[in-house]
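Fold and contact review
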Amino acid sequence: MNDNTLLSTSLQENIAALERLLPIGTSFDLVSRHLYLGDTPAYWLGVNGLCRTEILQQIFSDLQNPLYVKNGQVEDIVRFMSAKIGYAQVTLTDSMEEILRNVLSGPSVLFIDGFAQALLIDVRTYPTRSISEPDAEKITRGARDGFVETLLFNANLIRRRVRSTDLTFAIHNVGTDSKTDVAIAYLGHSVNQELLEALTHTLQNLKVTSLTMGSKSLEELLVKKHWWNPLPSIQLTERPDVACSYLLEGHILIIVDNSPGVLILPGTIFQFTQSPEDYYKSPLIGSYFRLVRLACIPVSLLLMPLFLLVTAYFPEFAQRLQLLHTENLTPIRLIVYVIAVEFILDLFRYSASVSSSHVSGSLSIVGGLIIGDIAVNLNWASPEVLFYGAVTLLTSLSISSVEFADALRVYRIFLVIVTGFFGLPGFIIGMTLVSLSIATTPSFGGMSYFWPLVPFNGKALRNLLFRCPTYKAQPSRVWNRGHVTKRF
């Protein structure tokens, strides 16, 4: 018997098959018990730590009560399950594959001699952290809850906000070894059916052993990109209010077990410029900060390359604009200064992100002041370069999506290098290559990454640029984004 075969009516054959397929007796967390339901032999198997012991004890106590079994024998397993097991989540199965998948996910299984079916008793419990606000998406007002690593809890957070009869969570298993639970959440009346079918087909046919890094691994499997496409193709959020707002607009949510991030499909470049903070302020204030954040994108990308281009290759023009006051700075020295400052600022940002929250703020401020002052005194940098580098870092930090800001940083470093070594031709060629990289960024299903610009939708674009009042922002219909390119 292998894991694809059906069960036998012989209890001993079923136990022998389990012992061949699972390391029972070797792995300490696999717990089994030989039971008697009256005079009928039975066998129970579960994973220690994933089952609620107190509920199982009550179930076993009831099952072994002589009053529960007529004439000491179990004669009808369906009637026995319906009449004698009062727990809600109990199902019948005759597939060994389904039994293995369930047992390793948390539910336990009960075999009864004489029946080619087994009882799956879902009394699972998972170790989990408390629900708290995600660090990467903090806001000054609004809800303080966030997704956690348990799929069921995340589904409950969504269901709590969207109590629609059309809300559906379709479950799939991904990974031949990990068998990770992946849920697709959507509203039946507003979802793009072509996109839903493409996603379902893709998940069912993924050839992968495991989702090592959870939702990030699944994202890379859904959208296969080249190394020259650093921009994110699928938005990820850890905030239930953000996920539900996209869900109500017709988007699809992908929830991966063991991952606190929820993927949002379809993905567009404008989604990474949005922030939930806009909707917890008045429309005027929210629109202002949204426009400021949009303006930070070209500043973050172009400020340092343009500063290097003008000061190193057009010194007369830089002197007229008073961009540089430090004397005796050769183009080579300027190039070294700019690259060094970019590296140091990235080092500060990375060290602050991986350090404890108690010391990260002090580390960034004190370290920046000390190293910046010493670098200027030792002629390793100029105040102007440090200033423009600091402005660039501030604009990067103002972008709500960390992945989007990191992609802009890669583009900026590339532009700095080609501009520093090749001047104006290098800057033009670099901008051309960056534009091509952005234009060729793929999205799932071949849908437009630049909607609502391509295809153009003026009303949707206005809603993206300006924060509308709530009574105008309620979605009355699903935006038309075009057809899905079926490449699966």
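The coordinates are above.
Okay, so let's go over this structure. (Residues numbered from 1 in each chain as written. Predicted model: local features only at pLDDT ≥ 70, side-chain atom pairs only at ≥ 80, totals over all residues. Heavy atoms only, no water.)

Helix and strand content of the protein chain: 16 helices and 10 strands. A buried classification covers 46% of the 488 residues belonging to the protein chain. Only carbon and sulfur atoms are counted for the fraction: they give 59% of the accessible area of the protein chain, which is about 25,300 Å². (Helix = DSSP H or I, 4+ residues; strand = E, 2+ residues; numbered from the N terminus. Buried < 20%, exposed > 50% of the residue type's maximum accessible area, 1.4 Å probe, protein only. Areas by Shrake-Rupley, 256 points an atom, 1.4 Å probe, with all protein chains shown as cover.)

For the rest of this paragraph, the subject is the pairing of strand β7 (residues 180-187). Where a strand is regular, its side chains alternate between the two sheet faces. Along β7, eight of the eight residues are buried, which leaves the element largely enclosed by surrounding structure. Covered by surrounding structure in β7 are Thr180, Val182, Ile184 and Tyr186 together with Asp181, Ala183, Ala185 and Leu187, the residues of both alternating faces. For strand β6 (residues 167-174) and β7, the ladder comprises eight bridges, and the chain directions are antiparallel. In the sheet register, His172 faces β7, and the bridge partner there is Val182. Adjacent in sequence and paired antiparallel, β6 and β7 are bridged by five residues, among which Gly175 carries a positive phi angle near 105°. Sheet topology places β7 next to strand β9 (residues 252-256); four bridges connect them, and they run antiparallel. Considered in β9, the bridge of Ala185 is made with Leu253. (Pairing = 2+ DSSP bridges.)

At their nearest, the axes of helix α9 (residues 283-313) and helix α15 (residues 458-465) sit 9 Å apart, and the two run at 95° to each other. By the angle class used here, α9 and α15 are roughly perpendicular. Touching Arg290, Leu291 and Leu294 of α9 are Asn463, Leu464 and Leu465, all from α15. (Axes fitted to C-alpha atoms, helices over the stretch in contact; angles between N-to-C directions. Parallel < 35°, antiparallel > 145°, perpendicular 65-115°, else oblique. Contact = heavy atoms within 4.5 Å.)

Along its 12 residues, helix α6 (residues 193-204) runs 16 Å from first to last C-alpha, staying within 8% of the 16 Å computed at 1.5 Å per residue. Against β6, β7, α7 (215-222), β9 and β10 (262-265) lie the buried residues of α6. Capping the start of α6, Asn192 holds a side-chain oxygen 3.0 Å from the backbone nitrogen of Glu194, two or three residues further along. (Expected span 1.5 Å × (residues − 1). Polar contact = N/O pair within 3.5 Å; in protein donor to acceptor, adjacent residues only side chain to side chain.)

Let us now look at unusual backbone geometry. A cis amide bond links Leu265 to the next residue, Pro266, at an omega of -5°. Within the element layout of this structure, Pro266 appears in the loop between β10 and α9. Looking along the chain, the bond that leaves Val454 and enters Pro455 is cis, with omega of -10°. Looking at where Pro455 falls in the secondary structure, it is placed in the loop between α14 (402-439) and α15. Non-glycine residue Lys179 carries a positive phi angle of around 50°.

This part covers the packing of aromatic side chains. In total, this model carries eight aromatic pairs according to the counting rule given. Ring geometry for Tyr43 against Phe111: centres 6.5 Å apart, planes inclined by 45°, an arrangement best described as tilted. Linking Tyr43 in strand β2 (residues 40-47) with Phe111 in strand β4 (residues 108-112), this pair joins segments that are 68 residues apart in sequence. For the residue pair Tyr43 and Phe111, the accessibility class agrees, reading buried in each case. Here Trp227 and Trp228 contribute two aromatic rings whose centre-to-centre distance is 5.7 Å and whose plane-to-plane angle is 85°, an arrangement assigned as edge-to-face. The rings of Phe307, Phe387 and Tyr388 are connected pair by pair, giving a single aromatic cluster. (Phe/Tyr/Trp six-rings, centres within 6.5 Å; stacked < 30°, edge-to-face > 60°.)

Moving on: the pattern of salt bridges. Here the structure, examined in full by the defined rule, presents 10 salt bridges. The salt bridge involving Lys216 is made with Glu403; its shortest N-O contact spans 3.0 Å. Within this pair, whereas Lys216 is found in helix α7, its partner Glu403 is found in helix α14, the two being separated by 187 residues in sequence. Take Lys216: its relative accessible area is 32%, and that puts it in the partly exposed class. Measuring nitrogen to oxygen at the nearest pair gives 2.6 Å for the salt bridge that ties Asp406 to Arg409. Of this pair, Asp406 and Arg409 are both found in helix α14, three residues apart, which corresponds to roughly one turn of the helix. Note on Asp406: relative accessible area 29%, which makes it partly exposed. (Salt bridge = Lys/Arg side-chain N within 4 Å of Asp/Glu carboxyl O.)

Let us now look at the environment of Tyr388. Along the chain, Tyr388 falls in helix α13 (residues 383-398). According to the relative accessible area criterion, Tyr388 is buried, its value standing at 15%. Residues Tyr388 and Met304, 84 residues apart in the sequence, show an inter-C-alpha distance of 6.6 Å.

Attention shifts here to the sheet that holds strand β5 (residues 118-121). The strand order across the open sheet built from five strands is β1-β2-β4-β5-β3, with neighbouring strands paired in antiparallel fashion. What marks the edges here is a single partner per strand, and that holds for β1 (30-37) and β3 (90-93). Pairwise comparison of adjacent strand axes, ignoring direction, gives a mean angle of 25° for this sheet. Where β2 lies against β4, four bridges are found, and the strand directions are antiparallel. Within the sheet, the bridge partner assigned to Ala42 lies in β4 and is Ile112.

The next subject is the nonpolar core. Of all hydrophobic cores here, the largest spans 25 residues; its most connected members are Leu199, Leu203, Leu218, Leu222, Ile252 and Ile254. Considering every element that reaches this core, the biggest residue donor is α6, with five residues. The contacts of Ile252, once residues within four sequence positions are left out, are Ile184, Ala185, Tyr186, Val191, Leu195, Leu196, Leu199, Leu263, Ile264 and Leu265. Formed by 21 residues, the second largest nonpolar core is a distinct cluster that contains Leu35, Val74, Met81 and Val123. (Core = buried A, V, L, I, M, F, W, Y, C linked by side-chain atoms within 4.5 Å.)

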